[in-house]
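Summary of the model geometry
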Amino acid sequence: HLTPRGGAGVGAMSRRERGPDPGPGGAGAAAEDVEPAEPGSHDQCLSLLPWDRFSAWLHCVCVVGFDLELGQAVEVIYPPHSKLTDKEKTNICYLSFPDSNSGCLGDTQFCFRFRRSPGRKVSLCCFLDQLDRDLPVYLKKDSAYYYGYVYFRQVRDKSLKRGYFQKSLVLISKLPYVHLFRTMLKQIAPEYFEKSEAFLEAGSDPIMLSSYTITCFFWRNKQHCHVLVCGFLRIPTYRDKPGTTLIVQNMHQADAQISMALPTVHEVDLFRCFCPVFFHIQMLWELVLLGEPLVVMAPSPAESSETVLALLSCISPLKYCSDFRPYFTIHDSEFKEYTTRTQAPPSVILGVTNPFFAKTLQHWPHIIRIGDIKLPGEVPKQVKVKKLKNLKTLDSKPGVYTSYKPYLNKDEEIVKQLQKGVQQKRPTEAQSVILRRYFLELTESFIIPLERYVASLMPLQKCISPWKSPPQLRQFSQDDFMKTLEKAGPQLTSGLKGDWIGLYRHFLKSPNFDGWFRSRQKEMTQKLEALHLEALCNENLVFWSQKHTEVETVDLVLKLKNKLLQADREHLPVKTDTLKKLQTHINDIILALPDDLQDILLKTGTI
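Residues numbered from 1 in each chain as written. Predicted model: local features only at pLDDT ≥ 70, side-chain atom pairs only at ≥ 80, totals over all residues. Heavy atoms only, no water.

Under an unreviewed UniProt entry, the name given to the protein is DEN6A protein, and the source organism is Horornis vulcanius. On record in UniProt, under Sequence similarities (unreviewed entry), the comment for the protein is "Belongs to the DENND6 family." (UniProt positions renumbered as here; feature names shortened; annotations may be inferred.)

1. Focus on the packing of aromatic side chains
In the structure shown here, the tally under the stated rule is 34 aromatic pairs. Relative to phenylalanine 517, the ring of phenylalanine 476 lies with its centre 5.4 Å away and its plane at 70°, an arrangement referred to as edge-to-face. Here phenylalanine 476 is found in the loop between α13 (428-455) and α14 (478-488), whereas its partner phenylalanine 517 is found in helix α16 (residues 511-537), with 41 residues between them in sequence. Given a relative accessible area of 14%, phenylalanine 517 falls into the buried group. Here phenylalanine 513 and tryptophan 516 contribute two aromatic rings whose centre-to-centre distance is 6.1 Å and whose plane-to-plane angle is 35°, an arrangement assigned as tilted. (Phe/Tyr/Trp six-rings, centres within 6.5 Å; stacked < 30°, edge-to-face > 60°. Helix = DSSP H or I, 4+ residues; strand = E, 2+ residues; numbered from the N terminus. Buried < 20%, exposed > 50% of the residue type's maximum accessible area, 1.4 Å probe, protein only.)

2. Points about the side chain of threonine 339
Summarising the element assignment, threonine 339 is placed in helix α10 (residues 335-339). In terms of polar contacts, threonine 339 uses its side chain to reach the backbone carbonyl oxygen of phenylalanine 335, at 2.7 Å. Not counting the four nearest positions on each side in its chain, threonine 339 is found in contact with Phe357, Thr360, Leu361 and His363. (Polar contact = N/O pair within 3.5 Å; in protein donor to acceptor, adjacent residues only side chain to side chain. Contact = heavy atoms within 4.5 Å.)

3. Things to note about helix α12 (residues 412-423)
Counted at 1.5 Å a residue, the expected span for α12 with its 12 residues is 16 Å, and the 17 Å between its end C-alpha atoms agrees. Along α12, the residues that are buried comprise Ile414, Val415, Leu418, Gln419, Gly421 and Val422. Buried residues of α12, seen end-on, are gathered within an arc of 155° and therefore sit on one face of the element. Facing away from the buried side of α12 by over 90 degrees, the exposed positions are Glu413, Lys416 and Gln423. Considering only its buried residues, α12 is in contact with α7 (270-274), α8 (281-289) and α13. One side-chain oxygen of the residue at the start of α12 lies 3.1 Å from the amide nitrogen of glutamate 413, identifying that residue as aspartate 411. Positive backbone phi, approximately 55°, marks lysine 425, located one or two places after α12. (Expected span 1.5 Å × (residues − 1). Arc of directions from axis to C-beta.)

4. Description of the pairing of strand β1 (residues 60-67)
Sheet faces and side chains relate simply in a regular strand, where the side chains alternate between the two faces. In terms of burial, β1 is a largely internal element, 7 of the 8 residues being buried. Where β1 lies against strand β5 (residues 164-173), 6 bridges are found, and the strand directions are antiparallel. Looking at β5, one finds that glycine 65 is bridged to lysine 167. Across 7 bridges, the pairing between β1 and strand β2 (residues 71-78) is antiparallel. Each residue of the ladder has a partner; that of valine 64, found in β2, is valine 74. A loop of 3 residues connects β1 with β2, the two strands running antiparallel in sequence. (Pairing = 2+ DSSP bridges.)

5. Let's talk about the pattern of salt bridges
Following the criterion strictly, the structure yields 17 salt bridges and no others. Of the charged contacts, one joins lysine 167 and glutamate 75 as a salt bridge, the two residues approaching to 2.5 Å between their closest N and O atoms. With lysine 167 in strand β5 and glutamate 75 in strand β2, this residue pair connects regions lying 92 residues apart in the sequence. Its salt-bridge partner being arginine 115, residue glutamate 334 comes within 3.6 Å of it at the nearest N-O pair. With glutamate 334 in the loop between β11 (323-325) and α10 and arginine 115 in strand β3 (residues 106-115), the pair connects residues that are 219 residues apart, well separated along the chain. Residue classification places arginine 115 among the partly exposed residues on the basis of a relative accessible area of 28%. Salt bridges here are not isolated pairs; linked through shared partners, they connect Arg113, Arg115, Asp142, Asp323, Arg325, Asp332, Glu334 and Glu337. (Salt bridge = Lys/Arg side-chain N within 4 Å of Asp/Glu carboxyl O.)

6. Describing the packing of α13 against α16
Packing of α13 against α16 brings their axes to within 11 Å, and their N-to-C directions diverge by 40°. Relative to α16, the element α13 lies oblique. Remark: the crossing between α13 and α16 carries right-handed chirality. Contact residues: α13 offers Ile447, Leu450, Glu451, Val454 and Ala455, while α16 offers Phe513, Trp516, Phe517, Arg520 and Met524. Classifying every residue of the contact of α13 with α16 by side-chain character gives 8 nonpolar, no polar and 2 charged. (Axes fitted to C-alpha atoms, helices over the stretch in contact; angles between N-to-C directions. Parallel < 35°, antiparallel > 145°, perpendicular 65-115°, else oblique. Left-handed = near helix turned anticlockwise from the far one by under 90°. Nonpolar A, V, L, I, M, F, W, Y, C, P; charged D, E, K, R; others polar.)

7. Details of the sheet that holds β1
Taken together, the 5 strands give an open sheet; going across it, the order is β2-β1-β5-β4-β3, and neighbouring strands pair in antiparallel fashion. The open sheet is flanked by β2 and β3, the only strands paired with a single partner. Across this sheet, the average inter-strand angle for adjacent strands is 25°, counted without regard to direction. Helix-sheet contacts for helix α3 (residues 86-95) involve β1, β2, β3, β4 (145-156) and β5, and the interaxial angle to β3 is about 150°.

8. Topic: the pairing of β5
Of all 10 residues in β5, 9 are buried, a share of seventy percent or more. With 10 bridges connecting them, β4 and β5 associate as antiparallel partners. Across the sheet, residue tyrosine 147 finds its bridge partner in β5, namely serine 173.

9. Re the confidence of the model for the protein
For the protein, per-residue confidence averages 78 on the pLDDT scale, and 73% of positions sit at 70 or higher. Here residues 1-47 is modelled with pLDDT under 50, and outside its nearest four sequence neighbours on either side it reaches 101 contacts, counting other chains as well. This stretch, residues 197-258, has a pLDDT under 50; its non-local contacts, to residues over four places away or in other chains, come to 139 contacts. (pLDDT = per-residue confidence, 0-100.)

10. Points about the packing of α16 against helix α18 (residues 550-569)
Here α16 crosses α18 at 140°, and the two axes come no closer than 11 Å. Looking at the two axes, α16 sits oblique to α18. Relative to α18, α16 is oriented so that their crossing is left-handed. Here Glu529, His532, Leu533 and Leu536 of α16 come into contact with α18, specifically with Leu560, Lys563, Gln566 and Ala567. Among the residues forming the contact of α16 with α18, the class breakdown is 4 nonpolar, 2 polar and 2 charged.

11. Considering the environment of isoleucine 414
Among the structural elements, isoleucine 414 can be located in helix α12. Leaving out residues up to four positions away in the same chain, isoleucine 414 has contacts with Ile281, Ile434 and Tyr438.

Shown next, in the form of structure tokens:
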């Protein structure tokens, strides 16, 4: 079970988080300090502490409150041994609260993203490693960044000096599972705010947050990843009988309301997010595809974060390879880097709410102004692209401010289809499905010619010799690729007209192409290594060794052992039977050698 040992909470903690709690046998030690077992091995999984296994999902949980003297402050970090640098804590503090101008009364949910501090050791979590390897690229964990999933509450409270209760419950994770963590927070945060304050003040009882954790079962279907079951586990506390863990299994149990099925872990409501600008969705798709600098100006972090995430998802299954910040503030550690006028704006998508950015970022080439996101009761009117000089403040009218001229002609059909849906009061979920399918087909039409050309760079299998190093991939040639478009271009799958050649030329210079090509290059190189291993297995290596000197035979054994190590380390796409067969070849060759060499090679183990 993914449970902290004993379900220990943080009720006894003061506003300043405690240091590592060793617990019985050093149970509080952080994952970074654990002596590593063989990476990815079964022994490694077994050697990890319960929280270390759970940290594959969450790095930590923070409670951020408002201090009259300090401003935003991290009141609690759970588990207490979680490691966050001062810079990371500062980012969490400022990003967990809406800007003062947002006026978010009640409960607000949003997310943010910030850079991890350099020099961190990789956590020893193998629990989700296999799942992560099997996931589409846009769902893989992000080792260089943390995501913060926020549930913020602001309500009037005359008993407080400030007159308002303001607090955020924040989940910190490397995983981009926006919908999953949003759903999780929606379940646990209200109960935390209603019941746990007394526990925190009294310091005598675990906060309610520690009594929940999460388990998910995934299955993969091409580019899609679905959560079949999302159940909240009840972690034993001191009130429970030791050793008992309850899981909601059906709708007849007392806590059945927290049992649910999620259709997605990461998708947002596309139609709702794009509603204010859906006449320009095709242009926005191009801007995101090309990695253009883009700012989303919105009235609250909820709108800004959802719109940024919707923009990223519109090029799925292609991964957006530049930086993006669903919610960005003037206190962010990268504020100066991203707002400087001494160089061109970087390839990044920023979501902002502070009116200050209307002036600070007015030199950026593409700005989306979002009003309060509401589903239209009537058909939205056509809105022209606005000139950047007309954007003075956040009070400017909603719309897209840019001088960008799209490469492709506008697809009027998708606009009419969505407008018809509004007239017929089609559910927003259905509108989002239509929009997501449109973006998917558009992206696939664009990427298929690239996939086809890159696949042609792969050497033929007959060129792979067991006695030579695996052949290299042929170089990517922009001119050669462009020549393929005349007969095998996007026109085969898309009816859209326009300057596809210009769009490809621009894309080939973008970070998204660089990231995509590096990923494909790695996949094909690993495939060549796997085919080379298979070629070795199909040879009579013992017969070969008998015709060569002992020095050459020993050299072959060492190379074969390193091949096995590489296959395990890089997770090469090789069948288990192939690896077993190669190991048998190695053993047979060693047994045919003199006894003294046998002893040396057998003791050597893996080189």
